[in-house]
Amino acid sequence: MRIATFAAPLSRDGPGLLLRDIQKGEDDSLTAITFAIAQAAPDVLVLTDFDYDLDGLALAAFAQGFGADYPYLFARRPNAGLATGYDIDGNGWTGEARDAQGYGRFAGDGGIAILSRYPVAVDAVTDLSTMLWRDLPDAVLPQVGGAPFFPSEVQDILRLSSTAHWIVPIRLPNDTLVSIMAFAATPPVFDGPEDMNGLRSRDELKLWEHVLDGTFGPPPDSFILAGNSNLDPTGGQGDRAAMAAFLARDDLNDPHPGTTNADWGADSTGKLRVSYVLPSSDWRIIDAGLTAADVNGGTAGGPHSLVWVDVSR
């Protein structure tokens, strides 16, 4: 079984525009992204920057580009772009992209989508996306001068997940289930001295630690974590030590140690490892690799590579 995640730039400037671009078939980035996915041919794919719409029209149209390869699709409304009515970033204004539950210019901006060759046990999905940040055990919320950065009314509504945290059971051909732990965390940048995004990114990873440690009940028996933590264990900004410690867990396999999978160029943050496919330790790793989203050497598909892992029993 091949599991993959891809932080492909499949978000647009407004609702409905992704569906428009898919239907027109004239977008170079979509061509590059589709080619990379077809080349890698994963059995289960987690996309971490895909615009959500209520009826799943964009996702269905995108899946049609692969023929009958992905008959099973899953997406729910993400926290990204979900309006709060509060001044979350503390700049004196409300209603901006950074004032949503997670950064987003509109509801559903840059959500998560799963394409699968195998059935999704939709009724058994665990959605942790509504957990308040303050309710995470050992949460570290931002402060300024020793005082909380968020007023109490913001703490009462602000969710931890900037996009989503899902545990999605997939039924395999041998009638067993594998739990796909899908998420996309905020980049640990674009904030101020309070380090709001840095702390949030770390706590979004910490949520998975609590899941695997059994804080919220028995952890999944067999799982594969797939998504974008926006944390590199050795480079870039954010809590690198936290990512390194997570990768060293005994209940995880790390098939890509030391491998970067995103390149923003030498004039920016350079090459980093931010996307992950991490099978539980009961899986045997057969192969692992990256598939670049380029066409004829170009970069139309964005800075991220598709990250895939082949696993077996």
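Everything discussed here concerns the structure shown above.
It should be emphasised that the depicted structure is a prediction, and the values quoted were computed from it without experimental measurement. (Residues numbered from 1 in each chain as written. Predicted model: local features only at pLDDT ≥ 70, side-chain atom pairs only at ≥ 80, totals over all residues. Heavy atoms only, no water.)

Taken across its 6 residues, strand 4 (residues 111-116) has 6 buried, putting it largely inside the fold. The two faces of strand 4 match: G111, A113 and L115 on one face and I112, I114 and S116 on the other face are all buried. As defined by bridge partners, strand 2 (residues 44-50) adjoins strand 4 across 5 bridges and the pair is classed as antiparallel. Counterpart to V46 in the pairing with strand 4 is I114. Sheet analysis places strand 3 (residues 72-74) next to strand 4, joined by 3 bridges and oriented antiparallel. Of the residues in strand 4, the one forming a bridge with L73 is L115. (Buried < 20%, exposed > 50% of the residue type's maximum accessible area, 1.4 Å probe, protein only. Helix = DSSP H or I, 4+ residues; strand = E, 2+ residues; numbered from the N terminus. Pairing = 2+ DSSP bridges.)

With that settled, consider the pairing of strand 8 (residues 164-171). Counting buried positions along strand 8 gives 7 out of 8 residues, so the element sits mostly inside the fold. In terms of strand pairing, strand 5 (residues 126-127) meets strand 8 through 2 bridges, oriented antiparallel. Bridge pairing links D127 to W166 in strand 8. When strand 8 meets strand 9 (residues 177-184), the two strands line up antiparallel, connected through 8 bridges. Across the sheet, residue W166 finds its bridge partner in strand 9, namely A182. Where strand 8 folds back onto strand 9 in an antiparallel hairpin, the turn is made up of 5 residues, including D175, whose phi is positive at roughly 70°.

The geometry of an aromatic ring pair comes down to the distance between the two centres and the angle between the two planes. The final tally for this structure, using the stated rule, is 7 aromatic pairs. Relative to Y70, the ring of F66 has its centre 5.7 Å away and its plane inclined at 85°; by these criteria the two rings are edge-to-face. Both residues of the pair, F66 and Y70, belong to the buried class. Judged by centre distance (5.9 Å) and plane angle (90°), the rings of F183 and W208 are edge-to-face. Taken together, the positions of F183 in strand 9 and W208 in helix 5 (residues 196-213) put the pair 25 residues apart, joining distant regions of the chain. Taken together through their ring pairs, the aromatic side chains of F50, F62, F66 and Y70 make up a single cluster. Taking NZ or CZ as reference, R2 lies 3.7 Å from the ring centre of W308, over its face. Directly above the aromatic system of W283 lies the positively charged group of R313, at a separation of 3.6 Å from the ring centroid. (Phe/Tyr/Trp six-rings, centres within 6.5 Å; stacked < 30°, edge-to-face > 60°. Lys NZ or Arg CZ within 6 Å of the ring centre and 35° of its normal.)

In short, shape yes, function no, at least from these values alone.
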